[in-house]
Amino acid sequence: MGIFRTVVAVAIAAGMLIGWRMIGLDIRPSQPSSAPLTYYVSPGGNDRAAGTSPAHAWRTLARASAARLRPGNRLLLRGDHVYQGFLQIGKTDSGTNARRVMISSYGGHRATIASRSSGLLVLDAANVTISNLVIVGRDALRPGTAGINVYSNLLRRRLPHVVIEHVDVSGFGYGIAIGGSHDGAGFSDSWVKHSAVHGNLDAGLATYGPAFNPVAPRYANARIHIVRVRAYRNLGDPADVKSNSGSGIVLASVNRATITGSSAFRNGGLGGAPGEGPEGIWVYDATHVLMEHNMAYDNTTKSKQDGGGFGFDQGTTNSVMQYNLSYGNHGPGYLLYGSPKIPERGNVARFNISSGDGRGTYVLGGIAVGGLTINLSIYQNTVVMAKTGSQPTVKLYGTPRRVRLLNNIFVGSSGGPLVYAVFPLTTSDALLAGNDYVAPAGHLTLKWARIQYDSLGAWRAATREELVNEERTGLTAAPLFVQPATGKAGGAGFALKPASRLRGAGLDLLGLFRLHPGKVNYGGKPYLAHSPNIGAQ
């Protein structure tokens, strides 16, 4: 992963400022501000009509872009029809919190906007809802285009309440892009929900902002919510050899965000950058992000980097990923990475499941912790590698500081170590405690820098891992999952049978480590804080 192309994202908006109101099309009817109107667009319409009824509809998106929309107005496109060109919503088209402007379809079916550049631009506008549209790129599968681009060029304030729902966007550089060119002046309290973004070049959905300053962190956007979005087959740009492309959902430059109930699958694989790659769902240069109840599977990369399910990348702070399911990805199920100049800190990964991840031939593992990561807690996760393979269940590389891996289940592959630390680490760098280590082939391997240990006891004695207050912790017991731990088993299959030795065998995370794990496990059952199960369920 790494630096997202913020400059390109800003250029999406700049390239669309054609300005329909400057070419003589602004022939809007007069209307009292207290009487919101509905405007209609239909293939059989007339751009010189009033536009205020289906019988007197406008015909083109150019005419619709020229209209000045007032608070409470609706602009509706007749469904089951394709409209060529793009639609622009500008600053003077903003609604209010109580009376928002709506862009949607009518007639019982969704309308389609087909564009050779970008599809729908919301420029410096607030309180806008976009719903029930299909937006398709016609020869627009290239950098610098976006199906829906929500962009602010303001200087000092965020624009609130842009809602995108029930849309299908494909065939652009980015499916949906939300952001601004200045810190503190993007968008806030905005939503993308119940939508699909697929077949795009760079990413399905992205938020962005200006270059990040880790010394004085600021963010363009705030309180962005992604709910039940499906991002798939966004494959990446073969011509881009400098930066990652081909991710499903990527959030950046945001203070407080949620990604819930969403899925990212079959993304990546064509990006040309040799040194970095995409992820299914990931975050960078952001703070207080909650990523929960999502799925990421069958994502891949062309390079030797990334291509995994979920990620917290550089500049991510005070964020939580929980109750997520990752399987069959080329890279790690969960990647937590901070660059030396822009570390990540204060993050939590808990109650997640990784199954059959790390399908690539390079070494990244099921959970990978890399670069400069500070105060990271990884606990109550279940990681099961594919039975055949050579990837470690956990890989630690770079310079971790105060990283804790607690009460996790680590089931290895036939040919890889269960834990692989690239460099010598002390327990203040990375502490592993209360975990279960399972080698399907019956041969336990733990690799600590250049030394390989063949038993939990030998590794514990040499490194002081799996020691808490001088008490030995850790198990090497078969978990006894409800279903066989196959590469693509669903999350429910990783519940523990009543006879499992891992039930009630976990460490008291609150009492020993002052961690507050929450009230329920992955399966939604009550979490028993003083005697928890090991693993996600």
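Position numbers for residues start from 1 in each chain and track the written sequence from start to end. The predicted origin of the model limits local features to residues at a pLDDT of at least 70 and limits the giving and counting of side-chain atom pairs to 80 or more, whereas totals for whole chains, interfaces and linings rest on all residues. Excluding hydrogens and water, the side-chain values take into account all heavy atoms of the structure.

Asker: Account for the overall build of the protein, naming residues and giving values.
Answerer: Strands are runs of DSSP state E lasting at least two residues, helices are runs of H or I lasting at least four, and both sets are numbered from the N terminus onward. Looking only at helices and strands, the protein has 4 helices and 39 strands in total. Restricting the calculation to C-alpha atoms gives the radius of gyration, and the globule rule supplies 2.2 Å times the number of residues raised to the power 0.38. In terms of overall size, the protein behaves like a compact globule, its C-alpha atoms giving a radius of gyration of 25 Å where 537 residues would be expected to give roughly 24 Å. Overall, the protein is about 85 × 45 × 40 Å in size when its C-alpha atoms are taken along their principal axes. Burial status follows relative accessibility: with a 1.4 Å probe on protein chains alone, a residue under 20% of its type maximum counts as buried, one over 50% as exposed, and anything between as partly exposed. Looking at the 537 residues of the protein, the share that counts as buried comes to 63%. A separation of at least 24 residues holds for 79% of the contacts in the protein among residues at least 6 apart in sequence. Summed over its atoms, the accessible surface of the protein is roughly 20000 Å², and 53% of this surface lies on carbon and sulfur atoms. Across the protein, the mean location of the 52 positive side-chain charges is 5 Å away from that of the 30 negative side-chain charges. What makes two residues a contact is simply this: any of their non-hydrogen atoms within 4.5 Å. Per-residue accessibility takes into account occlusion by the displayed protein chains alone, with areas from the Shrake-Rupley method and a 1.4 Å probe. As used throughout, the charge tally considers Lys and Arg to be positive and Asp and Glu to be negative, leaving His and the chain termini uncounted. The location of each charge is read from NZ of Lys, CZ of Arg, CG of Asp or CD of Glu.

Asker: Tell me about the nonpolar core, and name the residues and values.
Answerer: The tendency in soluble globular proteins is for nonpolar side chains to be buried as a group. Here, the term nonpolar core denotes a set of buried Ala, Val, Leu, Ile, Met, Phe, Trp, Tyr and Cys residues that are joined through side-chain atoms within 4.5 Å. Of all hydrophobic cores here, the largest spans 87 residues; its most connected members are Ile 103 and Leu 120. Apart from residues no more than four positions distant in its own chain, Ile 103 is found in contact with Leu 69, Leu 75, Leu 87, Ile 89, Leu 120, Val 128, Thr 129, Ile 130, Ser 131 and Leu 133. Within the second largest apolar cluster, 20 residues are counted, among which are Val 384, Val 438, Phe 494 and Leu 496.

Asker: Any details on the packing of aromatic side chains? Residues and values, ideally.
Answerer: Between 30 and 60 degrees the pair is tilted, below 30 it is stacked and above 60 it is edge-to-face, where a pair is any two Phe, Tyr or Trp rings, Trp via its six-membered ring, whose centres lie within 6.5 Å. Across all of its chains, the model carries 15 aromatic pairs by this definition. Chaining the aromatic ring pairs together yields one cluster made of Tyr 232, Phe 265, Tyr 297 and Tyr 327. Either the NZ atom of lysine or the CZ atom of arginine qualifies as a charge over a ring when it sits within 6 Å of the ring centre and within 35 degrees of the ring normal. Stacked on the ring of Trp 58, the Lys or Arg Arg 63 has its end atom at 4.2 Å from the ring centre. Residue placement shows Lys 395 over the ring face of Tyr 397; its charged tip is 4.9 Å from the ring centre.

Asker: I'd like a rundown of the side chain of Asn 221, residues and numbers included.
Answerer: Examined against the element boundaries, Asn 221 turns out to sit in strand β15 (residues 221–232). Its relative accessible area of 0% is what places Asn 221 among the buried residues. The term polar contact refers here to a pair of N or O atoms within 3.5 Å; inside protein, the definition further demands a hydrogen-donor-capable atom paired with an acceptor-capable atom, and it admits residues adjacent in sequence only when both atoms are side-chain atoms. Of note is the side chain of Asn 221, whose polar atom sits 3.1 Å from the backbone oxygen of Tyr 208. With residues up to four places along the chain from it excluded, the contact list for Asn 221 reads Arg 158, Ile 178, Gly 179, Gly 180, Gly 186, Phe 187, Thr 207, Tyr 208, Ala 252, Ser 253, Val 254 and Asn 255.

Asker: Now, about the confidence of the model for the protein: what can you tell me, with residues and values included?
Answerer: Note: predicted coordinates in regions of low pLDDT should not be interpreted at a detailed level. When pLDDT is averaged across the protein, the result is 92; 92% of the residues are at 70 or more. Long-range and interchain partners of residues 2–11, a stretch whose pLDDT sits below 50, account for 33 contacts in this model, where long-range means more than four residues apart. Confidence scores labelled pLDDT are given residue by residue by the predictor and lie between 0 and 100. Contacts of residues 13–33 to residues separated by more than four positions or lying in other chains number 44 contacts, the stretch itself having pLDDT below 50.

Asker: Explain the environment of Gly 268 to me, using residue names and the numbers behind them.
Answerer: By the secondary structure assignment, Gly 268 is in the loop between β17 (263–265) and β18 (279–292). Accessibility expressed as a relative area gives 6% for Gly 268, which makes it buried. As a C-alpha pair, Gly 268 and Ala 296 span 28 residues in sequence and 12 Å in three-dimensional space. Excluding residues within four positions of it along the chain, Gly 268 makes contact with Asn 234, Leu 235, Gly 246, Pro 278 and Thr 300.

Asker: Go over the pattern of salt bridges, please, and point to the residues and values.
Answerer: Criterion for a salt bridge: a side-chain nitrogen of Lys or Arg within 4 Å of a carboxyl oxygen of Asp or Glu. All chains considered together, the criterion is met by 4 salt bridges. For Arg 116, the salt bridge is made with Asp 139, and the minimal N-O distance between the two is 2.3 Å. Linking Arg 116 in the loop between β6 (111–115) and β7 (120–123) with Asp 139 in the loop between β8 (128–137) and β9 (146–152), this pair joins segments that are 23 residues apart in sequence. Each member of the pair, Arg 116 together with Asp 139, is exposed.

Asker: Lay out helix α3 (residues 456–463) in plain terms, naming residues and giving numbers.
Answerer: The set of residues buried in α3 consists of Leu 456, Trp 459, Arg 460 and Thr 463. One face of α3 carries all of its buried residues, which in axial projection span an arc of 100°. Just past α3, the residue Arg 464 takes up positive phi, approximately 65°. The directions considered for the arc run from the helix axis to the C-beta atoms.

Asker: Describe the pairing of strand β20 (residues 308–312), with residues and values.
Answerer: In terms of burial, β20 is a largely internal element, 5 of the 5 residues being buried. Each pair of strands is called paired provided DSSP finds at least two bridges between the two strands. Of the strand pairs in this sheet, β18 and β20 are connected by 4 bridges, and their pairing is parallel. Bridging from a neighbouring strand, Ile 281 pairs with Phe 310 of β20. Where β20 lies against strand β23 (residues 334–338), 3 bridges are found, and the strand directions are parallel. Following the sheet pairing, Gly 311 is matched in β23 by Leu 335.

Asker: Tell me about the environment of Gly 186, and name the residues and values.
Answerer: Among the structural elements, Gly 186 can be located in the loop between β12 (174–180) and β13 (187–198). Sequence spacing of Gly 186 and Pro 160 is 26 residues, and the spatial spacing of their C-alpha atoms is 8.9 Å. Dropping the residues within four chain positions of it, Gly 186 is found in contact with Ser 152, Arg 157, Arg 158, Leu 159, Gly 179, Gly 180, Ala 220 and Asn 221.

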